[in-house]
Amino acid sequence: AQRLGVKVPALERRVEPHRDLGGYWSAFHDLNSSRTHGSGGLQPIQASEVVAWLDINGVSDLDERLRYYQLVRALDAALLSWARERESGEDGGDS
């Protein structure tokens, strides 16, 4: 649509992560598929999934592991908050 000159609101609002944060964004993106969906909607990414991802991807430095864990959890909290607002219709419906 954008190639045809049509503005897509969701793409216009898209935020690209800073290049130094790309690894954390990739981790969150990978881990997003591991979350479960319950009767209450999206469920948080489990800590055990984050630890498994860190192990599989060879992140061994303790400070770096903690940084990944904190940032993935923060991204997850933001997504869950957005999803709850969207489900309750508080975002005005312009996804």
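Quick caveat, the model's predicted, so the values are computed rather than measured.

What counts as what
Residues numbered from 1 in each chain as written. Predicted model: local features only at pLDDT ≥ 70, side-chain atom pairs only at ≥ 80, totals over all residues. Heavy atoms only, no water. Axes fitted to C-alpha atoms, helices over the stretch in contact; angles between N-to-C directions. Helix = DSSP H or I, 4+ residues; strand = E, 2+ residues; numbered from the N terminus. Parallel < 35°, antiparallel > 145°, perpendicular 65-115°, else oblique. Left-handed = near helix turned anticlockwise from the far one by under 90°. Contact = heavy atoms within 4.5 Å. Nonpolar A, V, L, I, M, F, W, Y, C, P; charged D, E, K, R; others polar. Salt bridge = Lys/Arg side-chain N within 4 Å of Asp/Glu carboxyl O. Buried < 20%, exposed > 50% of the residue type's maximum accessible area, 1.4 Å probe, protein only. Core = buried A, V, L, I, M, F, W, Y, C linked by side-chain atoms within 4.5 Å. Polar contact = N/O pair within 3.5 Å; in protein donor to acceptor, adjacent residues only side chain to side chain.

What to know about the packing of helix H2 (residues 22–32) against helix H4 (residues 62–88)
Reasoning step 1: At a minimum axis distance of 9 Å, the contact between H2 and H4 shows a crossing angle of 60°. By the angle between their directions, the pair H2 and H4 is classed as oblique. The element H2 and its partner H4 pack so that their crossing is right-handed. Judged by residue contacts, Gly-23, Tyr-24, Trp-25, Ala-27, Phe-28, Leu-31 and Asn-32 of H2 engage Glu-64, Arg-67, Tyr-68, Leu-71, Val-72, Leu-75, Asp-76 and Leu-79 from H4.
Reasoning step 2: Of the residues assigned to the contact of H2 with H4, the class counts are 10 nonpolar, two polar and three charged.

Points about the pattern of salt bridges
Reasoning step 1: With the rule as written, the count across this model stands at three salt bridges.
Reasoning step 2: Two residues, Arg-35 and Asp-76, come together in a salt bridge whose shortest N-O distance is 2.5 Å. Note that Arg-35 is positioned in the loop between H2 and strand S1 (37–38) and Asp-76 in helix H4, a separation of 41 residues in sequence.
Reasoning step 3: Relative accessible area serves as the criterion here: at 6%, Arg-35 is assigned to the buried category.

What to know about the nonpolar core
Reasoning step 1: Residues Tyr-24, Ala-27, Phe-28, Leu-31, Ile-45, Val-50, Trp-53, Leu-54, Val-59, Tyr-68 and Val-72 constitute the largest nonpolar core, which totals 11 residues.
Reasoning step 2: Apart from residues lying up to four places away in sequence, Ile-45 is in contact with Phe-28, Leu-31, Asn-32, Ser-34, Arg-35, Val-50, Val-72, Arg-73 and Asp-76.

Here's the deal with the side chain of Arg-35
Reasoning step 1: Among the polar contacts made by the side chain of Arg-35, one reaches the side chain of Asn-32 at a distance of 2.7 Å.
Reasoning step 2: In terms of polar contacts, Arg-35 uses its side chain to reach the backbone carbonyl oxygen of Gln-43, at 2.7 Å.
Reasoning step 3: Leaving out residues up to four positions away in the same chain, Arg-35 has contacts with Phe-28, Leu-42, Gln-43, Pro-44, Ile-45, Asp-76, Leu-79 and Leu-80.

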